[in-house]
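Chain residues, written in single-letter form:
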Amino acid sequence: AQLAESGGGLVPAGESLRLSCVGSGLTFRHYTMGWFRQAPGREREFVAAINWSGSIIYYGDFVKGRFTVSRDNDKNTVYLRIDSLNPDDTAVYYCAADLAAINWDIRPYRPSYWGQGTQVTVSS
């Protein structure tokens, strides 16, 4: 299986961004999909997860409403929208997939598949 993120880049503070992750080589609609991020010098942290149907969605404690995860199973794609970007959002954002819909926010993080990540840099 492969997960390919896109949509990162250099963005001014206050703007919004939508990241995409396309899955291949797996039955996408069977998988819970999630997002993590890792800032320089910091541990990887859980951002969001969405189950196969979108009926179960949860976010990391830091999210505070600025992040929205969604998915389109017809396109084998999961999205992460980030609003009101600030420099603290600068990180590599990783997509992940697992058949389990729970414990995504519990370390150690163990999704079955990871993407390579996409860099998001927020300028002040």
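Further up the page is the structure itself.
## Looking at the state of the cysteines
Within the structure shown, the criterion is met by 1 disulfide. The residue that forms a disulfide with Cys21 is Cys95, at a sulfur-sulfur distance of 2.1 Å. Looking down the S-S bond of the Cys21 and Cys95 bridge, the torsion is -75°, so its handedness is left-handed. Linking Cys21 in strand β3 (residues 17-24) with Cys95 in strand β9 (residues 91-98), this pair joins segments that are 74 residues apart in sequence. Neither residue differs from the other here; Cys21 and Cys95 are each classed as buried.

## What about the nonpolar core?
Among soluble globular proteins, nonpolar side chains are generally buried collectively. Membership of the largest hydrophobic core comes to 27 residues, with the highest contact counts inside it found for Leu19, Met33, Trp35, Val78, Leu80 and Tyr93. Ranked by residue count, the leading element in this core is β9, at 4 residues. Membership of the second largest hydrophobic core comes to 7 residues, among which are Phe36, Phe46, Ala49 and Tyr58.

## With respect to the pattern of salt bridges
The full count for this structure, using the stated rule, is 5 salt bridges. The shortest N-O distance in the salt bridge between Asp89 and Arg66 comes to 2.9 Å. Of the two residues, Asp89 is situated in the loop between β8 (77-82) and β9 and Arg66 in the loop between β6 (57-59) and β7 (67-72); the sequence distance between them amounts to 23 residues. The same class applies to Asp89 as to Arg66, namely buried. Two residues, Asp83 and Arg81, come together in a salt bridge whose shortest N-O distance is 2.8 Å.

## As for unusual backbone geometry
For the peptide bond that leads from Arg107 to Pro108, omega is -5°, which places it in the cis range. Looking at the secondary structure, you find Pro108 in the loop between β9 and β10 (113-114). The phi torsion at Lys64 lies on the positive side, around 55°, for a residue other than glycine. Residue class for Lys64 comes out exposed when judged on its relative accessible area of 72%. Phi angles above zero are rare outside glycine, and Asn76 is one such case at about 55°. By the element assignment, Asn76 lies in the loop between β7 and β8. The partly exposed category is assigned to Asn76, whose relative accessible area is 26%.

Reading guide: rules and limits
- Residues numbered from 1 in each chain as written.
- Predicted model: local features only at pLDDT ≥ 70, side-chain atom pairs only at ≥ 80, totals over all residues.
- Heavy atoms only, no water.
- Disulfide = S-S within 2.5 Å.
- Helix = DSSP H or I, 4+ residues; strand = E, 2+ residues; numbered from the N terminus.
- Buried < 20%, exposed > 50% of the residue type's maximum accessible area, 1.4 Å probe, protein only.
- Core = buried A, V, L, I, M, F, W, Y, C linked by side-chain atoms within 4.5 Å.
- Salt bridge = Lys/Arg side-chain N within 4 Å of Asp/Glu carboxyl O.

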